[in-house]
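Residue-level listing of the chains:
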Amino acid sequence: FVRPWAGRLVAARLMECNIGDAGAAAISRLLLGEPGRASNPAIAGAASSLRELVLSANRIGDAGAASLAEALPKCDALERLLIDRNLIGRVGAEALAKRL
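Since the model is a prediction, treat every value here as computed from it, not as a measurement.

Tracing the backbone shows Asn58 in the loop between strand S2 (52-54) and helix H4 (62-71). The buried category is assigned to Asn58, whose relative accessible area is 0%. A distance of 2.9 Å separates the side chain of Asn58 from the backbone nitrogen of Asn18, its partner in a polar contact. Once residues lying within four places of it in the same chain are set aside, the contact partners of Asn58 are Leu14, Met15, Glu16, Cys17, Asn18, Ile19, Gly20, Arg85 and Asn86.

Written as structure tokens, this is what we have:
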């Protein structure tokens, strides 16, 4: 669903979708270009155009936050990251802080 438009994706608002750590990891893989599929321009461009990522109230914990943190350096255009009302603890917050 998202992949054909990923290169033009400017905002992703996934509030209260209960994606958890697995969903956060999947979003991270999409932003990183998914190993083995990075040659697909629709996927490879997702991180470079994304300006807003809203993942509020999704039961994302430390593991999901760490996955998202891995993708942040690729998100050159990112201006707004909302991850409030999740289950992120000190470890996940530190992983994100290192990449912001």
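Read on, since the account is not over.
This next bit is on the nonpolar core. Core analysis: the biggest nonpolar cluster contains 18 residues, and Leu31, Leu50, Leu53, Leu55, Leu68 and Leu96 have the highest contact counts within it. Sorting elements by how many residues they give to this core places H4 first, with four residues. Every residue in contact with Leu53, bar those within four places of it in the chain, is listed here: Ala12, Leu31, Leu78, Arg80, Leu81 and Leu82.

With that settled, consider the sheet that holds strand S3 (residues 80-82). Spatial strand order, S1-S2-S3: three strands in an open sheet with parallel pairing. At either end of the open sheet lies a strand with only one pairing partner, and these are strand S1 (11-13) and S3. If you compare each strand with its neighbour and ignore which way they point, the axes differ by 5° on average.

For the pair helix H1 (residues 20-32) and H4, interaxial distance at closest approach is 8 Å and the crossing angle is 5°. Regarding the angle of H1 to H4, the classification is roughly parallel. Counted together, Asp21, Ala24, Ala25, Ile27, Ser28, Leu31 and Leu32 of H1 and Asp62, Ala63, Gly64, Ser67, Leu68, Glu70 and Ala71 of H4 form the full contact between these two elements. Taken together, the residues of the contact of H1 with H4 break down into eight nonpolar, three polar and three charged.

On the secondary structure map, Glu16 appears in the loop between S1 and H1. Since its relative accessible area comes to 58%, Glu16 is described here as exposed. On a C-alpha basis, the gap between Glu16 and Ser56 in space is 6.4 Å, while along the polypeptide they are 40 residues apart.

All right, on to H1 then. Over its 13 residues, H1 runs 18 Å from end to end, which matches the ideal 18 Å to within 8%, given 1.5 Å per residue. Taken as a whole, H1 has its buried residues at Gly20, Gly23, Ala24, Ala25, Ile27, Ser28, Leu30 and Leu31. After H1 finishes, the residue Gly33 shows a positive phi value of roughly 95°.

Here is what the cut-offs are and how they apply
- Residues numbered from 1 in each chain as written.
- Predicted model: local features only at pLDDT ≥ 70, side-chain atom pairs only at ≥ 80, totals over all residues.
- Heavy atoms only, no water.
- Helix = DSSP H or I, 4+ residues; strand = E, 2+ residues; numbered from the N terminus.
- Buried < 20%, exposed > 50% of the residue type's maximum accessible area, 1.4 Å probe, protein only.
- Polar contact = N/O pair within 3.5 Å; in protein donor to acceptor, adjacent residues only side chain to side chain.
- Contact = heavy atoms within 4.5 Å.
- Core = buried A, V, L, I, M, F, W, Y, C linked by side-chain atoms within 4.5 Å.
- Pairing = 2+ DSSP bridges.
- Axes fitted to C-alpha atoms, helices over the stretch in contact; angles between N-to-C directions.
- Parallel < 35°, antiparallel > 145°, perpendicular 65-115°, else oblique.
- Nonpolar A, V, L, I, M, F, W, Y, C, P; charged D, E, K, R; others polar.
- Expected span 1.5 Å × (residues − 1).

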